[in-house]
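Now for the letters of each chain:
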Amino acid sequence: QVQLVESGGGLVQAGGSLRLSCAASRNIFSFNSMTWHRQAPGKQRELVARITTDGTTNYADSVKGRFTISRDNAKNTVYLQMDSLKPEDTAVYYCAAWVASHSLYYWGQGTQVTVSS
């Protein structure tokens, strides 16, 4: 069983920064990609950022230039650096690990990010 544990959420003012962490219980290279998603109240969960095993990154248009996904292979940890935060970034942020062979996401428990105006 895979465990993903997020941390780093909290309350921040607009324009501020937060760094989310996602610690995996096994080697992150065993997954095809690691992703961050978010879900705001009353909205569908959306993909925010992705990093693949070869280091390729992708971002939602709404966060490009403000968010950065990265990883520390030795720690089996993925990060999401969030800068220039906006109130519309308020959501529960989830880390996920994608296993293409099983078309399966493993999910973390989520961490709340609240951006005040």
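Every value quoted in this text rests on a predicted model; they were computed, and no experiment measured them.

Conventions adopted
- Residues numbered from 1 in each chain as written.
- Predicted model: local features only at pLDDT ≥ 70, side-chain atom pairs only at ≥ 80, totals over all residues.
- Heavy atoms only, no water.
- Salt bridge = Lys/Arg side-chain N within 4 Å of Asp/Glu carboxyl O.
- Helix = DSSP H or I, 4+ residues; strand = E, 2+ residues; numbered from the N terminus.
- Polar contact = N/O pair within 3.5 Å; in protein donor to acceptor, adjacent residues only side chain to side chain.
- Contact = heavy atoms within 4.5 Å.
- Buried < 20%, exposed > 50% of the residue type's maximum accessible area, 1.4 Å probe, protein only.
- Lys, Arg positive; Asp, Glu negative; His and termini not counted.

Let's talk about the pattern of salt bridges
A side chain with one charge can pair with a side chain of the opposite charge if their charged atoms come near.
Consideration 1: Counted under the stated rule, the structure contains four salt bridges.
Consideration 2: Between K64 and D61 there is a salt bridge; the shortest N-O distance is 3.2 Å.
Consideration 3: Several salt bridges share partner residues, and in doing so they unite R38, E46, R66 and D89 into one network.

Quick word on the side chain of R38
Consideration 1: Positionally, R38 belongs in strand β4 (residues 33-39).
Consideration 2: Side-chain polar atoms of R38 contact the side chain of D89, separated by 2.9 Å.
Consideration 3: If near-sequence neighbours (up to four positions away) are discounted, R38 is found in contact with Q44, R45, E46, V48, S62, V63, F67, E88, D89, A91, V92 and Y93.

Notes on the side chain of E6
Consideration 1: The topology assignment puts E6 in strand β1 (residues 4-7).
Consideration 2: Buried within the structure, E6 lacks any salt-bridge partner; its nearest side chain of opposite charge belongs to R45, at an N-O separation of 7.7 Å.
Consideration 3: Of the polar contacts made by the side chain of E6, one reaches the backbone nitrogen of Q109; its length is 2.9 Å.
Consideration 4: In this structure the side chain of E6 is engaged in a polar contact, spanning 2.9 Å, whose partner is the backbone nitrogen of G110.
Consideration 5: Those residues within four positions of E6 in sequence are excluded, and the remaining contacts are S21, C22, W36, Y93, Y94, C95, G108, Q109, G110 and T111.

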